[in-house]
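Overview (structure and organization)
So you can see what is in the structure, the chains are spelled out below.
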Amino acid sequence: MECKKITINVFEANGIEEVQQADCALLSRAHQASSDAYAPFSRFNVGAAVRLSDGTVVTGSNQENAAYPSGLCAERTALFYAQSQYPHLAVEALAVVAVSEGRQTELPAYPCGACRQVMLECQKRGGKPLRVIMGGSQKIQIVENVIDLLPLAFDQFQE
Ligand code: THU
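First things first, this report covers the structure right here in the doc. Everything numeric here is computed off the predicted structure, so don't read it as measured data.

Here is what the cut-offs are and how they apply
Residues numbered from 1 in each chain as written. Predicted model: local features only at pLDDT ≥ 70, side-chain atom pairs only at ≥ 80, totals over all residues. Heavy atoms only, no water. Near = heavy atom within 4 Å. Polar contact = N/O pair within 3.5 Å; in protein donor to acceptor, adjacent residues only side chain to side chain. Helix = DSSP H or I, 4+ residues; strand = E, 2+ residues; numbered from the N terminus. Axes fitted to C-alpha atoms, helices over the stretch in contact; angles between N-to-C directions. Parallel < 35°, antiparallel > 145°, perpendicular 65-115°, else oblique. Left-handed = near helix turned anticlockwise from the far one by under 90°. Contact = heavy atoms within 4.5 Å. Buried < 20%, exposed > 50% of the residue type's maximum accessible area, 1.4 Å probe, protein only. Pairing = 2+ DSSP bridges. Core = buried A, V, L, I, M, F, W, Y, C linked by side-chain atoms within 4.5 Å. Patch = residues over 30% accessible without salt bridge, like charges linked within 9 Å, V, L, I, M, F, W, Y side chains within 5 Å. Areas by Shrake-Rupley, 256 points an atom, 1.4 Å probe, with all protein chains shown as cover. Salt bridge = Lys/Arg side-chain N within 4 Å of Asp/Glu carboxyl O. Expected span 1.5 Å × (residues − 1).

1. Thoughts on the site of the ligand
Close to the ligand lie Ser-42, Phe-44, Val-46, Asn-62, Glu-64, Cys-73, Ala-74, Glu-75, Tyr-110, Pro-111 and Cys-112, which account for all nearby residues. Here an oxygen atom of the ligand sits 2.9 Å away from a polar atom, N or O, in the main chain of Ala-74. Listed by contribution, the elements that provide at least two residues to the shell around the ligand are β2 (44-52) and α2 (74-85).

Take a look at the structure:
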């Protein structure tokens, strides 16, 4: 048996000054959106902002529920809203930021597995790479294609 190595590409910036303006703007919208989170159970406020192909920005935040599995992450809140309101526009970029105890986390907020799967399908639907910008106060990480967050992804229709 052969061991196959899979490479993913992650771009890393150690401060906001290293990040391009469009990504900074989206991170800032995600940060703002985190203040609308409804997270009384985790007290972990997450904000997401997505940019569509016509430049429209849609935001979302995590929305929790006493029946825990009924809650939804910020990323999927934003993506499902974008796709339901603008079904003909591709999602070009998504930024995510988390705030805990009133401060942005130092490390980037990494999307959960379910959100990655939804991002992948959004990317496929849009027909172009979906850039994901994960912002922490000390480090920002960017992938230019969702497949870098989900190698060996489930895809019912792949060959
Ligand atoms: N959460 C998100 O909104 N996005 C992520 O990428 C990870 C986790 C939410 C789910 C839950 O409301 C809280 O953060 C704690 O897990």
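2. Some thoughts on the packing of α2 against helix α3 (residues 113-126)
One can describe the packing of α2 onto α3 by two numbers: an axis separation of 10 Å at closest approach and a directional angle of 25 degrees. Here α2 lies roughly parallel to α3, going by the angle between them. Regarding α2 and α3, the two cross each other, and that crossing is left-handed. Between α2 and α3, the residues in contact are Glu-75, Arg-76, Leu-79, Phe-80 and Gln-83 and Ala-114, Cys-115, Val-118, Met-119, Cys-122 and Arg-125, respectively.

3. Section: the pairing of strand β4 (residues 91-100)
Within β4, eight of the 10 residues are buried, which leaves it mostly tucked inside the rest of the structure. With nine bridges connecting them, β2 and β4 associate as antiparallel partners. Within β4, the residue paired with Ala-48 across the bridge is Val-96. Note that β4 and strand β6 (residues 131-135) share five bridges and pair parallel. The residue of β6 that forms the bridge with Val-96 is Met-134. Note that β4 and strand β5 (residues 103-104) share two bridges and pair antiparallel. Across the sheet, Ser-100 pairs through a bridge with Arg-103, a residue of β5. Hairpin connection of β4 to β5: two residues between the antiparallel strands, including Glu-101 at a positive phi of 50 degrees.

4. Here's the deal with the nonpolar core
With 27 residues, the main nonpolar core has Val-50, Leu-79, Leu-94, Met-119, Leu-130 and Val-132 as its most contacted residues. Per-element tally for this core: the top contributor is α3, with five residues. Non-local contacts of Val-132, meaning those with residues more than four positions away in its chain, are made with Leu-94, Met-119, Gln-141, Ile-142, Val-143, Val-146 and Leu-149.

5. What to know about a nonpolar patch on the surface
Taken together, the side chains of Ile-6, Ile-8, Val-10 and Leu-152 define a hydrophobic patch exposed on the protein surface, amounting to about 400 Å² of accessible area. Assignment of secondary structure puts Leu-152 in the segment after β7 (140-143).

6. A closer look at the environment of Val-57
By the secondary structure assignment, Val-57 is in strand β3 (residues 57-61). Residue classification places Val-57 among the partly exposed positions, given a relative accessible area of 26%. Remark: the alpha-carbon pair of Val-57 and Ala-82, spanning 25 residues in sequence, is separated by 8.7 Å. Ignoring sequence-local partners within four residues, the contact set of Val-57 consists of Leu-26, Arg-29, Ala-49, Val-50 and Arg-51.

7. Let's talk about α2
Its 12 residues give α2 an end-to-end C-alpha distance of 17 Å, which sits within 8% of 16 Å, the value for a rise of 1.5 Å per residue. Within α2 the residues assigned to the buried category are Ala-74, Glu-75, Arg-76, Ala-78, Leu-79, Ala-82 and Gln-83. Where α2 is buried, its residues contact β2, β3, β4 and α3.

8. Brief notes about the pattern of salt bridges
Opposite charge on two side chains makes pairing possible when the charged atoms of those side chains draw close. Evaluated as defined, the whole model comprises five salt bridges. When the shortest N-O distance is used, the salt bridge between Lys-124 and Asp-155 registers 2.9 Å. With a gap of 31 residues between them, Lys-124 in helix α3 and Asp-155 in the segment after β7 connect regions that are remote in the sequence. For Lys-124, a relative accessible area of 48% gives the class partly exposed. Taking relative accessible area as the criterion, Asp-155 reaches 23% and is therefore assigned partly exposed. Salt bridges sharing common partners tie together Asp-23, Arg-131 and Glu-144.

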